Amino acid sequence: MKELRLRVGVLGATGAVGQRFVQLLAGHPWFDLAALAASERSAGRSYAEAVSWRLDVPIPVAARDLPVLPAEPGFECDIVFSALDAAVAGPIEEAFAKAGYAVLSNSRNHRMDEDVPLLVPEVNADHTALIAVQKKRRGWKGFIATNPNCSTATLTLALAPLERRFGLRSVAVTTLQAVSGAGYPGIPSLDILGNVVPFIAGEEEKIERETRKILGRRSGDTVTFHPMVVSAQTTRVPVVDGHTESVFVSLEKKADLEAVREAFRTFSGPPQQLGLPSAPAHPTVLLDEPDRPQPRLDINVERGMATLVGRVRPCELLGWKFIALGHNTIRGAAGAAILNAELLQAQGILSR
Ligand SMILES: NC(=O)c1ccc[n+]([C@@H]2O[C@H](COP(=O)([O-])OP(=O)(O)OC[C@H]3O[C@@H](n4cnc5c(N)ncnc54)[C@H](OP(=O)(O)O)[C@@H]3O)[C@@H](O)[C@H]2O)c1
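Note that the coordinates shown come from a computational prediction; the quantities given were computed from them, not determined experimentally.

Novice: An account of the overall build of the chain is requested, with residue identities and associated values reported.
Specialist: Regarding its fold elements, the chain presents 13 helices and 14 strands. Whereas a compact globule of 352 residues would reach a radius of gyration of roughly 20 Å, the chain reaches 19 Å, a difference of no more than 12%. Counting only C-alpha atoms, the chain reaches 60 × 50 × 30 Å along its principal axes. Looking at the chain as a whole, 55% of its 352 residues qualify as buried. For the chain, the share of sequence-separated contacts (at least 6 apart) that also reach a separation of at least 24 residues comes to 75%. For the chain, the computed accessible surface area is about 14900 Å², with 52% contributed by carbon and sulfur atoms. With 38 positive and 38 negative side-chain charges, the chain shows a spacing of 3 Å between the two charge centroids.

Laid out in structure tokens, this is it:
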């Protein structure tokens, strides 16, 4: 593995996900935070002046005085992490990839492009092979690699152990999503306090499509989507951080409760084998208490990088049911993209 330190930038550094990037990249063992960018509203000010910092730790010293740059290629970086508003992310990310940067994106814009990997490194690390296809096809010096939508990130880490051991036929999921998932300032307090909003635009379609791409099989230059049926309903709830998901699954093979629990308990993948710095020791954590996982109590287990699974039990309708929980701005966004970059560095793709 190459030990070279890489300079990294963050596009959309002032937003909810951008702030997580800044927090998680400060003191990273492989990456140095070198550039921050946002919209014209923020550009030209120092980061501390431009950002409405909302995390419960101070702004890292390494970031406070960095100038906020316009989100245009030209800054001194090897990798750019994108936490841009999806309304503008598409062409900006393409401009950076064309200019030779490795772009690790959180936004939805390129996730479903057939030559763009949609990565959850424990599940589909081999999908990084699409990067060579993308560079060749598009004639780009750089490339775009993506991580899934926050709910999908949580869901796939709960489904992959079952897929690997028993095969998946169908999945029904209802999400209870935190307000930080809507960015900052996000949803007006009068709409969400004491309430549940049973609609998040575009979210159900993202979960249904992205899950099948991530669990899909790569052969050669293409990824064939997993044939399972995925049906999602999404709701917004008055929780600050942490998406909870009520999941029902139908498996291909017969299973008993101990085998299903064992599959969750023992799941791991390339990030754990490679010892990547942001990898959780256990990407799926099984909880035994009957009233867990809960966002307020459990969201920071494994530094927010794991999916917590509880209440695993048989279901008369589809076979099995359980509750999953994941940190939406860490494993569902910034932490996911940083783990993707670590995987690409370990695979030698960033230094090519
Ligand atoms: N929040 C989550 O849990 C989550 C999870 C997974 C994925 N995502 C995705 O990650 C992205 C960021 O989400 P967020 O929740 O962090 O949103 P957010 O809080 O609204 O932040 C958006 C960021 O984009 C910047 N921006 C807006 N317009 C711009 C422009 N024209 N040029 C350059 N920069 C511009 C903003 O800069 P200014 O401050 O200067 O306006 C800000 O830094 C979205 O694509 C979202 O779908 C979010």
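Novice: Before we move on, can you summarise the layout of surface pockets with the specific residues and values?
Specialist: Of the voids in this model, the largest pocket is the one considered here, and its volume is about 1300 Å³. Along the walls of the largest pocket sit 49 residues, with Ala83, Leu84, Asp85, Ala86 and Gly183 positioned nearest its centre. Of all the secondary-structure elements, those providing two or more residues to the lining of the largest pocket are helix H1 (16-25), helix H4 (86-98), helix H9 (203-214) and helix H13 (330-346). Looking at which element gives the most residues to the lining of the largest pocket, the answer is H4, with 3 residues. A volume near 540 Å³ is recorded for the second largest pocket. Contributing to the lining of the second largest pocket are 22 residues, with Arg54, Leu55, Ser180, Val240 and Asp241 lying nearest its centre. The biggest single contributor to the lining of the second largest pocket is H1, with 5 residues. The residue makeup of the lining of the second largest pocket, split by class, is 10 nonpolar, 8 polar and 4 charged.

Novice: Run through the site of the ligand, naming residues and quoting values.
Specialist: In the vicinity of the ligand there are 27 residues, among which Thr14, Val17, Ser39, Arg41 and Ser42 approach most closely. A distance of 2.9 Å separates an oxygen atom of the ligand from a polar atom in the backbone of Ala16. Isolated, the ligand exposes 910 Å² of accessible area, and the fraction of that covered by the protein chains is 82%. A molecule is said to occupy a pocket when more than half its atoms come within 2 Å of that pocket's grid points, and by this definition the ligand occupies the largest pocket. Secondary-structure elements contributing two or more residues to the shell around the ligand are H1, H4 and H13. The class makeup of the residues in the shell around the ligand is 12 nonpolar, 13 polar and 2 charged.

Novice: Could you give an account of unusual backbone geometry, naming the residues involved and the relevant values?
Specialist: With an omega dihedral of 0°, the bond running from Tyr184 to Pro185 counts as a cis peptide bond. Residue position: Pro185 is located in the loop between strand E7 (168-177) and helix H8 (189-192). Cis peptide bonds are those with omega within 30 degrees of zero, and the linkage from Arg292 to Pro293 qualifies with 5°. Tracing the chain through its elements places Pro293 in the loop between strand E12 (284-286) and helix H12 (295-298). For Glu302, which is not a glycine, the phi torsion comes out positive at approximately 55°. If you trace the backbone, Glu302 turns up in the loop between H12 and strand E13 (307-315). For Arg303, which is not glycine, the phi torsion reads 55° and is therefore positive. Inspection of the secondary structure puts Arg303 in the loop between H12 and E13. Among the residues examined, Arg303 registers a relative accessible area of 47% and is labelled partly exposed.

Rules used throughout
- Residues numbered from 1 in each chain as written.
- Predicted model: local features only at pLDDT ≥ 70, side-chain atom pairs only at ≥ 80, totals over all residues.
- Heavy atoms only, no water.
- Helix = DSSP H or I, 4+ residues; strand = E, 2+ residues; numbered from the N terminus.
- Rg over C-alpha atoms; globule rule 2.2 N^0.38 Å.
- Buried < 20%, exposed > 50% of the residue type's maximum accessible area, 1.4 Å probe, protein only.
- Contact = heavy atoms within 4.5 Å.
- Areas by Shrake-Rupley, 256 points an atom, 1.4 Å probe, with all protein chains shown as cover.
- Lys, Arg positive; Asp, Glu negative; His and termini not counted.
- Charge placed at Lys NZ, Arg CZ, Asp CG, Glu CD.
- 1 Å grid on protein atoms, 1.4 Å probe; cavity = no way out; pocket = protein on both sides within 12 Å on 5 of 7 lines; lining within 4 Å.
- Points joined across faces, edges and corners; volume = space filled by probe spheres on them.
- Nonpolar A, V, L, I, M, F, W, Y, C, P; charged D, E, K, R; others polar.
- Near = heavy atom within 4 Å.
- Polar contact = N/O pair within 3.5 Å; in protein donor to acceptor, adjacent residues only side chain to side chain.
- Sits in = over half its atoms within 2 Å of the grid points.

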